Amino acid sequence: MMISRRIYRYMLSAALLLLALFTTACDHERSYSMEQSDVYAYVMPDGDLYVEEIHTYRFNGPYNRVTRHLAVEERSQVEFFEAYELESHERSSLPLDELPLLDSGYDEESGFFYASSPSEDETRHYFYRYRISQVVKRTKQAADLDWSFFEQNDQELNQVNIDVFLPDRFTGVDVHTFIKDRTRGGVMHKNPHSGAFVRVHYDTLSEIGNARLRVLFPQEVVVDAPFAKQSLSLRATLAAEQEQMKRRIEREQRFEGLRWVLLGLGAAVWGGVVLLWLAPQKVAARRAAQRKDLSLVWTLDPKQVAYIYRRGRLQERDFISGLFSLHQRGLLHISEVQASPRLASDPYAPKVMLQFELIPDLPALSEEDVLLIDWLFTEQEGRRIFYLESITGPTSTEKHSRNELANKRYAALWKLTQRKVMEWSSQLASMEAYHRFAAPSSMYRVALIAAVAVHFTIVILMKYFDAAPYSSLLWTTLVLGGAGLWALRSPQPKWVMLLFLGLSMLGGYQVMYGGLAAYHAMVVLGTAAGLLSMPKKSLSKQGLEMYYLLLRWKAQLDAEAGPLQEEGPNRKFVWEMAVLLDAGGWLRKQAELDQQLAGTHRDLDEHAALSACLYTQSHLMPLTASSAATGAHSTHAASSSDGGSAGTGAD
């Protein structure tokens, strides 16, 4: 049984919601918080950074170890890392050899240091000490300490203090300090009572915060440090840092205005989505179709039936509507022929196939008819014949045989079918008889252009207001702008548009300030929902009415007084209409039809014809959807581990 796309989307959404709820529940089985963190960083005369830290953890549930991520490019930069346990959150006066040393190490896979300390439902205090080589870059104009004290935090940290100490020879002049952490928080104090030159305090350091600090001071202070290869212009560096600081100071006011813009956009976008889902024009067309006579479906050419039913987007299987059109106009005959041995030997294939033969003296034909005939029909002893089996793909037996030569032949046949049907359907779409029912949607194109322009502008503004580095702005412009231009190229599948929106949301989540990313995500999701609900081709008012009339006719196949009992010349074409409207699977199962026609002369066994058409339609591709799906799902697996932490935290 086929599941409609709408039902499938509902099921997928429900599954994702349940997964999210399950994950949230699992996350709450145990938790921890970092109540206080004090960092004492000492700049050494040789440019190294020696650091001592005290962290207080409150554990809820069992944990095996605590972790610490350091912002080093290589493990070799860390000369040593030691972890101890303290009785309280105070620097101990005891010598290190009298403190309990914890078993510590480095996790190569995740890139963090750890200290083993089994804990459960308690508060513990830890003391770390480590030394990192060549942190300070010494140039002729200045020494440059640019360091992120926290990265990849598992969660937010509370009451964070960072004290930076310069060597004893430091006199306190010509020093410039900048907080480069783009999250909110961070109060800088010079010359605090602790004796440190700089103290940075956070009431709460966000999990995406890095407590990055830059200190520029005279290079003579680190006289033992080697000179860096890269030169540094102190004047240009100070100008750039001051401009960045100005942007960070102004961003709160700017972001407040942008927040209201995003709220307005979100309301407008989701309001438009609701209107698309309610579709008042469809409701009106459905009511108009209810008042029309069902016999109007017979005024449509079979190609028009397929074109309207597919909403202007013909599929490869709809080539058969062109054959039915020729048949209903009396330009070809349909007859039964025995299937070839490859079908006859397969338990699931029909044993009877169809032969289509053109009449000898054809009248002048339209371009799309000529295109179809030249593709499908061959000359045989003065007759122009098309065997339905000639376009039928591999049987189930052939698929399991893994015949490489046959697979290549069927793949080439499928590519030819795709190309020919695309040419044929493009020819149909350009004709007035079809264009008046369905045409490319100008609304979709306008909405796509507006979406690309608006989201590109919003992301660039968000990152600029957030004082992002100019290199980040450049990369965002190149990547997001390239994806936007790709999405605007016509025609493009909708997944390209979704790729652009996904990159746009990713760019919004890189913003460090406030909760603005959530407002932006609301607009992005609304845009995606709207564009997905908006077809590239839309039915006109007349096309919508005929579409719902066809649905009514299809529904009548389930009624006792439906088209099965239809009298007159159209009776023999009912099975063809059923094939075009994907109703053949039901019609084929009706035993009443055989009883009605028992003992009567029939030019064509409709059940056999239906079986042949349905089989060919479902076997055009080298692999059917069902077999492809079976292979796709066979490799899915889930794994779990006892760890999971990859930064500063606990596991």
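This one's a predicted model, so the numbers in the text were calculated from it and none came from an experiment.

Definitions and cut-offs
Residues numbered from 1 in each chain as written. Predicted model: local features only at pLDDT ≥ 70, side-chain atom pairs only at ≥ 80, totals over all residues. Heavy atoms only, no water. Helix = DSSP H or I, 4+ residues; strand = E, 2+ residues; numbered from the N terminus. Buried < 20%, exposed > 50% of the residue type's maximum accessible area, 1.4 Å probe, protein only. Pairing = 2+ DSSP bridges. Core = buried A, V, L, I, M, F, W, Y, C linked by side-chain atoms within 4.5 Å. Phe/Tyr/Trp six-rings, centres within 6.5 Å; stacked < 30°, edge-to-face > 60°. Lys NZ or Arg CZ within 6 Å of the ring centre and 35° of its normal. Salt bridge = Lys/Arg side-chain N within 4 Å of Asp/Glu carboxyl O. Contact = heavy atoms within 4.5 Å. Axes fitted to C-alpha atoms, helices over the stretch in contact; angles between N-to-C directions. Parallel < 35°, antiparallel > 145°, perpendicular 65-115°, else oblique. Left-handed = near helix turned anticlockwise from the far one by under 90°. Nonpolar A, V, L, I, M, F, W, Y, C, P; charged D, E, K, R; others polar.

A. Geometry of the environment of Glu87. Position of Glu87 among the secondary structure elements: in the loop between β4 (78–86) and β5 (104–107). Exposure remark for Glu87: the relative accessible area of 82% places this residue in the exposed category. The spacing of Glu87 and Tyr126 is 39 residues in sequence and 8.7 Å in space, taken between C-alpha atoms.

B. Spotlight on the pairing of strand β1 (residues 31–43). Judged from the 12 bridges that link them, β1 and strand β2 (residues 49–60) form a sheet pairing that is antiparallel. Within β2, the position partnered with Val39 by the bridge is Glu53. As consecutive antiparallel partners, β1 and β2 are separated by five residues, and within that stretch Gly47 has a phi angle of approximately 90°, a positive value. As judged from the seven bridges shared by β1 and strand β10 (residues 157–165), these two strands associate in the parallel manner. Bridging from a neighbouring strand, Met34 pairs with Leu157 of β10.

C. Spatial organisation of helix α5 (residues 320–328). Burial analysis of α5 places eight of its nine residues in the buried class, the great majority of the element. Along α5, the positions that sit buried rather than exposed are Ile320, Ser321, Gly322, Leu323, Phe324, Ser325, Leu326 and His327. After α5 finishes, the residue Gly330 shows a positive phi value of roughly 75°.

D. Broad picture of the nonpolar core. Core analysis: the largest hydrophobic core is formed by 69 residues, its most contacted members being Phe319, Leu323, Leu354 and Trp575. Residue contributions to this core peak at seven residues, all from helix α15 (residues 541–555). Residues Tyr126, Phe197, Val215 and Phe217 belong to the second largest nonpolar core, which totals 50 residues.

E. Structural context of the packing of aromatic side chains. Using the criterion set out here, one finds 23 aromatic pairs in the structure. Taking the centre distance of 5.9 Å and the plane angle of 20° together, the rings of Phe81 and Tyr130 count as stacked. Of this pair, Phe81 sits in strand β4 while Tyr130 sits in strand β7 (residues 123–132), and the two are 49 residues apart along the sequence. No difference in accessibility class separates Phe81 from Tyr130, as the two residues are buried. Seen in terms of ring centroids, Tyr547 and Tyr548 are 5.3 Å apart; in terms of plane orientation they differ by 70°. Their pairing is edge-to-face. The ring of Tyr114 is capped by Arg65, whose NZ or CZ atom sits 4.8 Å from the centre of that ring. Geometry around Phe227 places Arg138 over its ring, the cationic atom sitting 4.1 Å from the centre.

F. Quick look at unusual backbone geometry. Phi is positive for Ala211, which is not a glycine, with a value near 50°. Of note, Ala211 is situated in the loop between β13 (198–205) and β14 (212–217). Phi is positive for Arg311, which is not a glycine, with a value near 55°. With respect to the element layout, Arg311 can be found in the loop between α4 (302–309) and α5. Using a relative accessible area of 22% as the deciding quantity, one classes Arg311 as partly exposed.

G. Expanded view of the pattern of salt bridges. Summed over the entire model, instances satisfying the criterion amount to 28 salt bridges. In this structure, Asp374 and Arg384 form a salt bridge, with 3.9 Å as the shortest nitrogen-oxygen distance. One end of the pair, Asp374, is in helix α7 (residues 367–376); the other, Arg384, is in strand β18 (residues 383–387), with 10 residues separating them in the sequence. For Asp374, a relative accessible area of 54% corresponds to the exposed category. Judged by its relative accessible area of 32%, Arg384 falls in the partly exposed class. Each of Asp144, Asp146, Lys180, Arg212, Arg214 and Glu241 takes part in a single network of salt bridges with overlapping partners.

H. Spotlight on the environment of His333. Tracing the sequence through the fold places His333 in strand β15 (residues 332–338). Each C-alpha atom, one on His333 and one on Gln355, is 8.1 Å from the other, the two residues being 22 residues apart in sequence. Excluding its chain neighbours within four sequence positions, the residues that come into contact with His333 are Gln355, Phe356, Glu357 and Ile359.

I. A look at the packing of helix α2 (residues 234–278) against helix α11 (residues 442–465). Running from N to C, α2 and α11 cross one another at 160°; their axes reach a closest spacing of 8 Å. By the criterion of interaxial angle, the relationship of α2 to α11 is roughly antiparallel. Pair α2 / α11 crosses with left-handed handedness. Contacts from Glu243, Arg247, Arg251, Arg254, Phe255, Leu258, Leu262, Leu265 and Leu276 of α2 reach α11 at Met443, Val454, Ile458, Met462, Lys463, Tyr464 and Phe465. Here the contact of α2 with α11 is composed, by residue class, of 11 nonpolar, no polar and five charged.

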